[in-house]
Amino acid sequence: MEGTTKVLVPVPPPDANFPPSAAPVFYNPEMELNRDINVAATAAFVERLLSKKEIHREEIRYVDAFSASGIRGLRIAGEVGIHATMNDWSPEAFELIKENIKINGLEEKAQATRKNANVLLHEQRFHIVDVDPFGTPSPYLDAAATSAHSMLSVTATDTAPLCGAHLNSGIRKYAAVPLNTEYHSEMGLRVLLGACARELAKHEKGMLPLLSHVTRHYVRTYLEVLPGTRHADRTLKYMGFNIHCPRCGFRGPVYGLAVHIERECPACGGLTKIAGPLWLGPYKEPEFCNEVISELEAHPLNTKDKVRKIITFCRDELDIPMFYDQHVICKELGASATGIESFIEALRASGFEASRTHFSGTSFKTDAPISEIKNIILALSE
Ligand SMILES: C[S@@+](CC[C@H](N)C(=O)[O-])C[C@H]1O[C@@H](n2cnc3c(N)ncnc32)[C@H](O)[C@@H]1O
Ligand SMILES: [Zn+2]
């Protein structure tokens, strides 16, 4: 049982020691938190669609293109009340999805299909397209961008290629050069967002990121799709590169796809490294985060408190590239770390904007230059 949805899943024998991906049909109970966020975020987006008064709830179509047991789509049909198509090319999954639709009495609101996700997404348009595959979504982004009319939700669990740990794999999958730094989780998110922006632009659509979060190996984003060349062109203005100086820790964005980049670090003169093209724009909309938090009250979710905490962090974090890690800078300076809250207070007291982030407990964002950040850390550790 997740939310108010019952789901039959393959139960591994007690002595089995295999990961969910090795089961005949995939089901990972650890992902309940992410599916709870999906219910609240999709519900919030549906309310936005309904407020335009151009469509009725029952007419809104959602596709769970990689459905396995059907759990995502079942929850959307049952707990959000829109029509869901659950697709999986595996015959075992297809049979299980049909059974799960019956068990939940969702025959009117849900349907199962057994196709290659790319075929289905090229054949049919959906208001909301959810791409939650194993590993990388990159082979499906073109079809998903074609199909998505209003919202595109994408999961990536291939964090090593996204974050620069597997450099060449990342370049092949996302046509972007990542950089493995302490802020690799934000780098991965921005590589993924950049890839989505370019795929949507091909289909003359723009995007507005509503909510994005990185929790361990799970990168997830909810993008409002904005049809039209004007939106597509505007979206691409947020693409660019990130320069990073390994010597002093300077980092900074360079906007544009055709750019001239000085190789010298503006802070210390060291040789910088370049990552990109990346999405450099906002990755969440605070108002949408509030709407998701309000939806939590309307849905009986098992992980509600954790969801509220993550979304509140996302809402309140400064939405500029890239975060810093307090402990990394302290170590470099040989300084002792104060509590992250008092450090952020000190940055603010010096006239800078600063916030914690959802990426990690020791991370922070600020518009302070690296030299000022270091001065404040040193002053605090005296
Ligand atoms: C990670 S699981 C999906 C998990 C599911 N979204 C959930 O929340 O539990 C990936 C599923 O995608 C299916 N699959 C993989 N490639 C596919 C493709 N090209 N077309 C359709 N289904 C595919 C697999 O059979 C597998 O069941
Ligand atoms: Zn430098």
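Going by an unreviewed UniProt entry, the chain carries the name tRNA (guanine(26)-N(2))-dimethyltransferase and comes from Methanosarcina horonobensis HB-1 = JCM 15518. UniProt, in the comment section headed Catalytic activity (unreviewed entry), describes the chain in these words: "guanosine(26) in tRNA + 2 S-adenosyl-L-methionine = N(2)-dimethylguanosine(26) in tRNA + 2 S-adenosyl-L-homocysteine + 2 H(+)".

Across its full length, the chain holds 14 helices and 13 strands. Relative to a compact globule of 382 residues, whose C-alpha radius of gyration would be 21 Å, the chain shows 22 Å and is just as compact. Counting across all 382 residues of the chain, residues that qualify as buried make up 57%. Accessible surface for the chain amounts to roughly 16400 Å². Of this, 54% is attributable to carbon and sulfur atoms.

This part takes up the site of ligand 1. As a matter of local geometry, ligand 1 sits amid 18 residues, with Phe 66, Arg 72, Asp 88, Ala 117 and Asp 132 nearest to it. Between Trp 89 and ligand 1, the recorded distance is 3.3 Å, taken from a backbone N or O atom to a nitrogen atom. Here Asn 116 contributes a side-chain N or O atom positioned 3.4 Å from a nitrogen atom of ligand 1. With the chains in place, 92% of the 610 Å² that ligand 1 exposes on its own is no longer accessible. If you map ligand 1 onto the pockets, it falls in the largest pocket. When the residues that make up the shell around ligand 1 are grouped by side-chain class, the tally is nine nonpolar, four polar and five charged.

Below, the discussion takes up the coordination of the zinc ion (ligand 2). Here the zinc ion (ligand 2) is held by Cys 245 (SG), Cys 248 (SG), Cys 265 (SG) and Cys 268 (SG), and the distances to it run 2.2 to 2.3 Å. Classification of the site at the zinc ion (ligand 2) rests on its four donor atoms, whose angles at the metal span 102 to 114°, yielding the label tetrahedral. Along the chain, the residues that donate to the zinc ion (ligand 2) are spaced as C-x2-C-x16-C-x2-C.

On to the pattern of salt bridges. Summed over the entire model, instances satisfying the criterion amount to 23 salt bridges. Salt-bridge contacts for Lys 98 lead to Glu 95; the nearest nitrogen and oxygen are separated by 3.6 Å. Here Lys 98 pairs with Glu 95, and both are found in helix H3 (residues 91-103), just three residues apart, close to one helical turn. A salt bridge links Lys 202 to Glu 199; its shortest N-O distance comes to 2.7 Å. Of this pair, Lys 202 and Glu 199 both sit in helix H8 (residues 184-202), three residues apart, which is roughly one turn of that helix. Classification of Glu 199 as buried rests on a relative accessible area of 18%.

The residues that UniProt annotates with the feature "binding site: Zn(2+)" (unreviewed entry) are Cys 245, Cys 248, Cys 265 and Cys 268. Taking the farthest pair of C-alpha atoms as the criterion, the annotated set spanning 24 residues converges on one region, since that pair is 8.5 Å apart. Following the sequence through the fold, Cys 248 ends up in the loop between strand E8 (239-244) and strand E9 (251-255). Judged by its relative accessible area of 9%, Cys 248 falls in the buried class. Setting aside its immediate chain neighbours within four residues, Cys 268 contacts Cys 245, Arg 247 and Cys 248.

Quick look at the side chain of Ser 67 now. With respect to the helices, strands and loops of the structure, Ser 67 is situated in the loop between strand E1 (61-64) and helix H2 (71-80). When near neighbours in sequence (up to four residues on either side) are disregarded, Ser 67 contacts Met 86, Asn 87, Asp 88 and Ile 97.

This paragraph deals with the sheet that holds E8. Pairing is antiparallel in the open sheet, where three strands are placed in the order E9-E8-E10. Every other strand in the sheet has two partners, leaving E9 and strand E10 (273-279) as the edge strands with one partner each. Along the sheet, successive strands turn relative to each other by an average axial angle of 25°, direction set aside. Across five bridges, E8 lies against E10 in antiparallel orientation. Within the sheet, the bridge partner assigned to Asn 242 lies in E10 and is Ala 275. Sheet strands touched by H8: E8 and E10. Its angle to E10, the strand with the most contacts, is close to 50°.

With that out of the way, let us pick up the packing of helix H1 (residues 32-51) against H2. Between H1 and H2, the least distance of the axes is 10 Å, while the angle of their chain directions is 45°. Taken as axis vectors, H1 and H2 run oblique relative to one another. Where H1 crosses over H2, the handedness of that crossing is right-handed. Taking contact as the criterion, the partners of Glu 32, Arg 35, Asp 36, Asn 38, Val 39, Thr 42, Ala 43 and Val 46 in H1 are, on H2, Ile 71, Arg 72, Arg 75, Ile 76, Glu 79 and Val 80. Residue composition of the contact of H1 with H2, by class: six nonpolar, two polar and six charged.

Cut-offs applied
- Residues numbered from 1 in each chain as written.
- Chains lettered and ligands numbered in written order.
- Predicted model: local features only at pLDDT ≥ 70, side-chain atom pairs only at ≥ 80, totals over all residues.
- Heavy atoms only, no water.
- UniProt positions renumbered as here; feature names shortened; annotations may be inferred.
- Helix = DSSP H or I, 4+ residues; strand = E, 2+ residues; numbered from the N terminus.
- Rg over C-alpha atoms; globule rule 2.2 N^0.38 Å.
- Buried < 20%, exposed > 50% of the residue type's maximum accessible area, 1.4 Å probe, protein only.
- Areas by Shrake-Rupley, 256 points an atom, 1.4 Å probe, with all protein chains shown as cover.
- Near = heavy atom within 4 Å.
- Polar contact = N/O pair within 3.5 Å; in protein donor to acceptor, adjacent residues only side chain to side chain.
- 1 Å grid on protein atoms, 1.4 Å probe; cavity = no way out; pocket = protein on both sides within 12 Å on 5 of 7 lines; lining within 4 Å.
- Sits in = over half its atoms within 2 Å of the grid points.
- Nonpolar A, V, L, I, M, F, W, Y, C, P; charged D, E, K, R; others polar.
- Donors = N, O, S within 2.8 Å, 3.2 Å for Na, K, Ca; no water.
- Tetrahedral: all angles 85-135°; square planar, octahedral: opposite > 155°, others 65-115°.
- Salt bridge = Lys/Arg side-chain N within 4 Å of Asp/Glu carboxyl O.
- Contact = heavy atoms within 4.5 Å.
- Pairing = 2+ DSSP bridges.
- Axes fitted to C-alpha atoms, helices over the stretch in contact; angles between N-to-C directions.
- Parallel < 35°, antiparallel > 145°, perpendicular 65-115°, else oblique.
- Left-handed = near helix turned anticlockwise from the far one by under 90°.

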